[in-house]
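Okay, here's what each chain looks like letter by letter:
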Amino acid sequence: MKSAAVDAYIARFAPGVRARLTKIRRVVRAGAPKATEGMSYRIPAYRQHNIIVYFAGFKAHIGLFPPVRGNAALEKAVAKYANAKGNLKFPHDVPLPLPLISRVVRHQAKQDAARAAARGKRR
């Protein structure tokens, strides 16, 4: 279900950035259909058991958090977008790599489900 708070967050941006944020939102929702949409740290956040992914609009780019870990091929694929901490930055003057963002979201969702299952087995 869409969050009114995320709608409001996206609506405050200029039309071009708003369109990019909306595309990322669609990709995230498709890649993690079981995730709930909400706000955390005043930016859109998607949660299954824990937070899977956040995204945020900035003056020159859109950020996608947290860093990708645990999949060497995916880490290599996102390397050109990663900053020093591993968070991803997609500059506004470059087309969004939507298939890559989808891979990231699916990976994060899979990791979250595995961590939740492991916690359940330890109890």
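Before reading on, note that the structure itself is shown above.
A quick note: this is a predicted structure, and the numbers were derived from the prediction, not measured.

### Points about the overall build of the chain
Line of reasoning, step 1. Helices and strands together make up the secondary structure of the chain, namely 4 helices and 5 strands.
Line of reasoning, step 2. Tracing the chain from N to C terminus, the helices and strands come up as α-α-β-β-β-β-α-β-α.
Line of reasoning, step 3. Here the C-alpha radius of gyration of the chain, 14 Å, is about what a compact globule of 123 residues would show, namely 14 Å.
Line of reasoning, step 4. Per-residue burial for the chain yields a buried fraction of 43% across its 123 residues.
Line of reasoning, step 5. In the chain, the proportion of contacts linking residues at least 24 apart, taken out of those at least 6 apart, comes to 52%.
Line of reasoning, step 6. Carbon and sulfur atoms provide 57% of the accessible area of the chain, an area that totals close to 7,200 Å².
Line of reasoning, step 7. If you average the places of the 25 positive and of the 5 negative side-chain charges in the chain, the two averages end up 3 Å apart.

### Points about the environment of Lys-80
Line of reasoning, step 1. Take Lys-80: it is sitting in the loop between α3 (72-78) and β5 (88-91).
Line of reasoning, step 2. It is 27 Å that separates the C-alpha atoms of Lys-80 and Asn-50, two residues lying 30 residues apart in sequence.

### Side note on the pattern of salt bridges
Line of reasoning, step 1. Within the structure shown, the criterion is met by 3 salt bridges.
Line of reasoning, step 2. Among the salt bridges present, the one from Arg-25 reaches Asp-7, with a minimum N-O distance of 2.6 Å. Placement of the pair is Arg-25 in helix α2 (residues 15-31) and Asp-7 in helix α1 (residues 4-11), with a sequence separation of 18 residues.
Line of reasoning, step 3. Glu-37 is paired through a salt bridge with Arg-25; the nearest N and O atoms lie 2.7 Å apart. Of the two residues, Glu-37 is situated in strand β1 (residues 36-40) and Arg-25 in helix α2; the sequence distance between them amounts to 12 residues. As far as burial versus exposure is concerned, Glu-37 and Arg-25 are alike and both buried.

### Things to note about α2
Line of reasoning, step 1. For α2, built from 17 residues, the straight-helix expectation of 24 Å at 1.5 Å per residue is met to within 8% by its first-to-last C-alpha distance of 24 Å.
Line of reasoning, step 2. When we look at burial in α2, the residues that qualify are Val-17, Arg-20, Leu-21, Ile-24, Arg-25, Val-27, Val-28 and Gly-31. Looking straight down α2, one finds its buried side chains confined to an arc of 165°; they lie on one side. In α2, those exposed residues whose orientation departs by more than 90 degrees from the buried face are Pro-15, Arg-26 and Ala-30.

### Here's the deal with the packing of α1 against α2
Line of reasoning, step 1. For the pair α1 and α2, interaxial distance at closest approach is 9 Å and the crossing angle is 150°. On the side of α1, the interface is formed by Val-6, Asp-7, Tyr-9, Ile-10 and Ala-11, while α2 contributes Arg-18, Leu-21, Thr-22 and Arg-25.

Reading the values: the criteria
Residues numbered from 1 in each chain as written. Predicted model: local features only at pLDDT ≥ 70, side-chain atom pairs only at ≥ 80, totals over all residues. Heavy atoms only, no water. Helix = DSSP H or I, 4+ residues; strand = E, 2+ residues; numbered from the N terminus. Rg over C-alpha atoms; globule rule 2.2 N^0.38 Å. Buried < 20%, exposed > 50% of the residue type's maximum accessible area, 1.4 Å probe, protein only. Contact = heavy atoms within 4.5 Å. Areas by Shrake-Rupley, 256 points an atom, 1.4 Å probe, with all protein chains shown as cover. Lys, Arg positive; Asp, Glu negative; His and termini not counted. Charge placed at Lys NZ, Arg CZ, Asp CG, Glu CD. Salt bridge = Lys/Arg side-chain N within 4 Å of Asp/Glu carboxyl O. Expected span 1.5 Å × (residues − 1). Arc of directions from axis to C-beta. Axes fitted to C-alpha atoms, helices over the stretch in contact; angles between N-to-C directions.

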